[in-house]
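# Residue-level structure breakdown
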Amino acid sequence: MGKKTKRKTSGGANSASSSSASAQGSSGASGGSGNKTRRAPALASVEANIETLENLRFQDAEEDEFIEEEVVIDKDEEEDDDNQGEVEQQQQQQLGHDDDEDDDDKTNEPKVKEVWMPGGDIKEGEELEFDASAYTMYHALKPEWPCLSFDIIRDSLGGSRSRFPHTVYCCAGTQAAEKGANKLQLMKMSDLAKTYRKEDNDEEDAEAMDSDTDDDEGDDNVHADPVLEHRDIKHYGCVNRLRSCPQKPALIATHSETAHVHVYDLSPHLASFDNRSGSANLPQRPIFSHSGHREEGYALDWSRVEAGMMLSGDCSGGIELWNPRSELSSWEVTSGAWAADHSVEDIQWSPSEKTVFAAGDCGGNVQIYDVRQRGKSMLCTRAHSTDVNVISWNGIVTNLLASGADDGAFSVWDLRKFKEGVPLAKFTTSTKPITSVEWHPTDESMVVVTDEDACFIYDLSIEEDAEEAAKTSSLVPQGENKIPPQLLFMHLGSTSNKEAHWHPQIPSCVMTTALTGFNVFIPSNL
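This is a predicted model, so every value here is computed, not measured.

## A short note on the overall build of the protein chain
A count of helical and extended segments in the protein chain gives seven helices and 30 strands. Looking at the protein chain as a whole, 41% of its 526 residues are labelled buried. Long-range contacts, defined here as pairs at least 24 residues apart, represent 58% of the contacts in the protein chain between residues at least 6 apart.

Pasting the structure below:
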């Protein structure tokens with residue numbers, strides 16, 4: 001639509017004609033004896049009727065007439081005029097600031113980014129910034145209730161998959177305010193796309209978009225909204241620990257604050273994601289429950305060698321063995337088979353021997369047991385001076401065991417020298433209690449560790465380069481807070497981290513749970 005404006009034009013041309021005619025009449029009359037004679041006008045009279053610079057005529061006293069007419073102005077032309085005016089104004093402003101260019105260049109120099117370490121101070125007015133360039137993929141989810149424990153569920157979508165978008169299945173147990181409000185949350189997170197980064201090369205993006213859709217790299221830059229589907233299963237009491245059976249992932253074991261251990265079969269719940277049947281008629285009760293523990297506990301683990309075999313430990317030091325019966329629908333539980341002197345905080349089956357397991361307790365001990373020898377451990381060492389909160393047995397190099405303690409120390413043990421009580425490696429990067437530790441499922445040297453403030457990823461195969469360390473010594477903390485060269489990645493931003501797990505089928509994908517919710521991410525440097 002054009003813009004209508006009213007333009008006024010004067011009637012000066014008509015007034016000038018009247019004035020000219022009056023001048024001609026007066027020049028044609030002459031005074032005299034009173035006789036009226038007609039003669040040809042003189043040349044001077046004709047020249048007087050022609051308006052020149054020396055002979056300007058004035059309008060008469062008649063009122064000007066105004067005519068209103070509508071003029072349509074094209075909007076595009078008007079915008080062009082406005083844009084031209086803005087360009088001219090900017091050019092004038094630029095000319096006015098030429099003298100300050102040197103000062104501006106100094107103030108606009110890029111600042112070196114500072115890395116905040118857990119335990120560091122945040123000054124008033126400062127805040128931590130999310131750096132998207134640190135992640136190949138990052139997604140966050142905040143549930144209704146925080147979850148102390150969860151586990152990733154293996155799926156049938158294939159292993160070692162790197163093509164985006166990704167799909168993740170997991171199950172978590174809530175920490176609700178009332179016991180009756182707790183539940184298991186079975187989740188399917190799909191369309192987990194790459195994290196957008198502003199510094200990504202535009203040409204590379206264009207090439208990826210133009211590539212053939214059948215190419216494995218063709219969908220890496222798909223920008224899709226993530227989709228969450230979930231099924232809720234009632235669970236009485238807070239879930240202290242939750243684990244999925246490796247051989248049958250739909251079997252979920254939980255250790256409750258009520259000192260009960262339950263086993264759920266979530267096969268129909270998982271199937272409902274694919275057949276779109278909903279959750280109206282899905283089972284809500286466990287297929288097996290055990291109430292033999294004297295106190296609540298946190299130690300729980302399925303055997304990776306013998307399908308369905310499980311161990312559970314409690315805060316009174318009791319460890320109970322679960323032997324499966326036919327079709328993994330019921331178990332024979334041996335109560336009081338082992339009794340530690342302190343609360344058993346974590347327990348791990350050997351990845352290669354079906355009768356051997358390890359346990360960490362509040363006495364700072366890590367002990368090795370054999371189910372064929374009841375009542376006592378086979379090996380014991382004082383691993384830490386404070387409580388041992390978590391342990392993890394390396395599934396590839398089976399003589400390596402990792403432990404995390406209440407003082408923030410994280411140690412790696414060679415079981416061939418376990419009696420010596422000297423760790424193969426010890427890291428004190430963290431200053432808060434270690435809450436989770438887990439070896440990478442396919443890389444024997446990588447391990448993920450969490451404390452209350454952060455999630456750390458280490459590669460123990462890395463050795464310090466003295467020359468490189470000298471170059472970066474001014475940029476990273478030194479002394480007690482020195483960052484070890486084995487520390488590859490540090491994920492921050494969550495409050496009170498509780499657990500972290502590698503996805504067994506998506507390389508380098510980590511999922512964490514904290515008081516503030518879940519994070520699923522892939523570091524850009526892995």
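## Considerations on the environment of Lys 194
Assignment of secondary structure puts Lys 194 in the loop between β6 (183-192) and α5 (202-210). Overall, Lys 194 belongs to the partly exposed group, its relative accessible area being 27%.

## Re the sheet that holds strand β9 (residues 251-256)
Paired through their backbone hydrogen bonds, the strands of a sheet run either parallel or antiparallel. On the basis of which strands lie adjacent, the open sheet formed by four strands has the order β8-β9-β10-β11 and antiparallel pairing. Only two strands of the sheet have a single neighbouring strand rather than two, namely β8 (239-244) and β11 (288-290). Ignoring strand direction, the axes of neighbouring strands in this sheet form an average angle of 15°. Sheet analysis places strand β10 (residues 261-265) next to β11, joined by three bridges and oriented antiparallel.

## Quick notes on the sheet that holds strand β21 (residues 400-405)
Taken in spatial order, the four strands of this open sheet run β20-β21-β22-β23, and their pairing is antiparallel. On the outer flanks of this sheet lie β20 (388-393) and β23 (425-427), each paired with one strand and no other. Recorded for the sheet is a direction-independent mean angle of 15° between the axes of neighbouring strands. Across three bridges, the pairing between strand β22 (residues 410-414) and β23 is antiparallel. Paired with Val 412 across the bridge in β23 is Ala 425.

## A few points about the side chain of Thr 174
Inspection of the secondary structure puts Thr 174 in strand β5 (residues 166-174). At 2.9 Å, the side chain of Thr 174 forms a polar contact with the side chain of Asn 182. In this structure Thr 174 touches Trp 145, Pro 146, Cys 147, Asn 182, Lys 183, Gln 185, Cys 238 and Val 239, once residues within four positions along its chain are discounted.

## Some details on the side chain of Thr 513
Tracing the sequence through the fold places Thr 513 in strand β29 (residues 510-514). If we ignore the near neighbours within four places in the chain, the residues touching Thr 513 are Cys 147, Leu 148, Phe 150, Asn 497, Lys 498, Glu 499 and Phe 518.

## Considering helix α6 (residues 267-275)
The set of residues buried in α6 consists of His 269, Leu 270, Ser 272 and Phe 273. Projected onto a plane normal to the axis of α6, the buried residues spread over an arc of 150° and lie on a single side. Buried residues along α6 sit in contact with β5, β6, β7 (227-234) and β10. Following α6 by one or two positions, Arg 276 has its phi on the positive side, about 55°.

## So, the pattern of salt bridges
Scanning the entire structure with this criterion turns up 12 salt bridges. A salt bridge links Lys 183 to Glu 144, with the shortest nitrogen-to-oxygen separation between them at 3.0 Å. With Lys 183 in strand β6 and Glu 144 in the loop between β3 (135-141) and β4 (147-152), this pair connects stretches of sequence that are 39 residues apart. Under the relative-accessibility criterion, Lys 183 is labelled buried at 15%.

## Considerations on the environment of Val 227
Secondary-structure assignment places Val 227 in strand β7. Given the relative accessible area of 35%, Val 227 is considered partly exposed. Between the alpha carbons of Val 227 and Lys 188 there is a distance of 8.0 Å; along the sequence they are 39 residues apart. Not counting chain neighbours up to four residues away, the residues in contact with Val 227 comprise Lys 188, Met 189, Ser 190 and Asp 191.

## Topic: the nonpolar core
Among the nonpolar cores identified, the biggest contains 17 residues, and Met 137, Met 189, Met 511, Phe 518 and Val 520 are the most heavily contacted of them. Every element with two or more residues in this core is listed here: β4, β5, β6 and β30 (517-523). One finds Leu 400, Val 412, Ala 454 and Met 490 within the second-largest nonpolar core, a separate group that totals 16 residues.

## Digging into the pairing of β4
Counting buried positions along β4 gives six out of six residues, so the element sits mostly inside the fold. Sheet topology note: the β4/β5 ladder contains five bridges and is antiparallel. In the sheet register, Ile 152 faces β5, and the bridge partner there is Cys 170.

## A look at the packing of aromatic side chains
For the coordinates displayed, the defined rule picks out 20 aromatic pairs. On the numbers, 5.9 Å between centres and 65° between planes, the contact of Trp 349 with Phe 357 is edge-to-face. Judged by its relative accessible area of 0%, Trp 349 is buried. Chaining the aromatic ring pairs together yields one cluster made of Phe 130, Tyr 135, Tyr 138, Phe 489 and Phe 521.

## Section: unusual backbone geometry
Glycine aside, a negative phi is what most residues show, and trans is what most peptide bonds show. Of the consecutive residues Phe 164 and Pro 165, the connecting peptide bond is found in the cis state with omega at -5°. Relative to the helices and strands, Pro 165 resides in the loop between β4 and β5. A positive phi angle, near 55°, is found at Asp 191, a position not held by glycine. Mapped onto the elements, Asp 191 comes out in strand β6. Overall, the relative accessible area of 31% leaves Asp 191 in the partly exposed class. At Ser 508, a position not held by glycine, the phi torsion is positive, near 65°. Within the fold, Ser 508 resides in the loop between β28 (497-502) and β29.

## Let's talk about the confidence of the model for the protein chain
Detailed reading of the predicted model is not advised wherever pLDDT is low. For the protein chain, per-residue confidence averages 81 on the pLDDT scale, and 70% of positions sit at 70 or higher. Predicted confidence is poor over residues 1-48, with pLDDT under 50, and the contacts of this stretch with residues over four places away or in other chains come to 37 contacts. Long-range and interchain partners of residues 212-218, a stretch whose pLDDT sits below 50, account for seven contacts in this model, where long-range means more than four residues apart.

Procedures and definitions
- Residues numbered from 1 in each chain as written.
- Predicted model: local features only at pLDDT ≥ 70, side-chain atom pairs only at ≥ 80, totals over all residues.
- Heavy atoms only, no water.
- Helix = DSSP H or I, 4+ residues; strand = E, 2+ residues; numbered from the N terminus.
- Buried < 20%, exposed > 50% of the residue type's maximum accessible area, 1.4 Å probe, protein only.
- Contact = heavy atoms within 4.5 Å.
- Pairing = 2+ DSSP bridges.
- Axes fitted to C-alpha atoms, helices over the stretch in contact; angles between N-to-C directions.
- Polar contact = N/O pair within 3.5 Å; in protein donor to acceptor, adjacent residues only side chain to side chain.
- Arc of directions from axis to C-beta.
- Salt bridge = Lys/Arg side-chain N within 4 Å of Asp/Glu carboxyl O.
- Core = buried A, V, L, I, M, F, W, Y, C linked by side-chain atoms within 4.5 Å.
- Phe/Tyr/Trp six-rings, centres within 6.5 Å; stacked < 30°, edge-to-face > 60°.
- pLDDT = per-residue confidence, 0-100.

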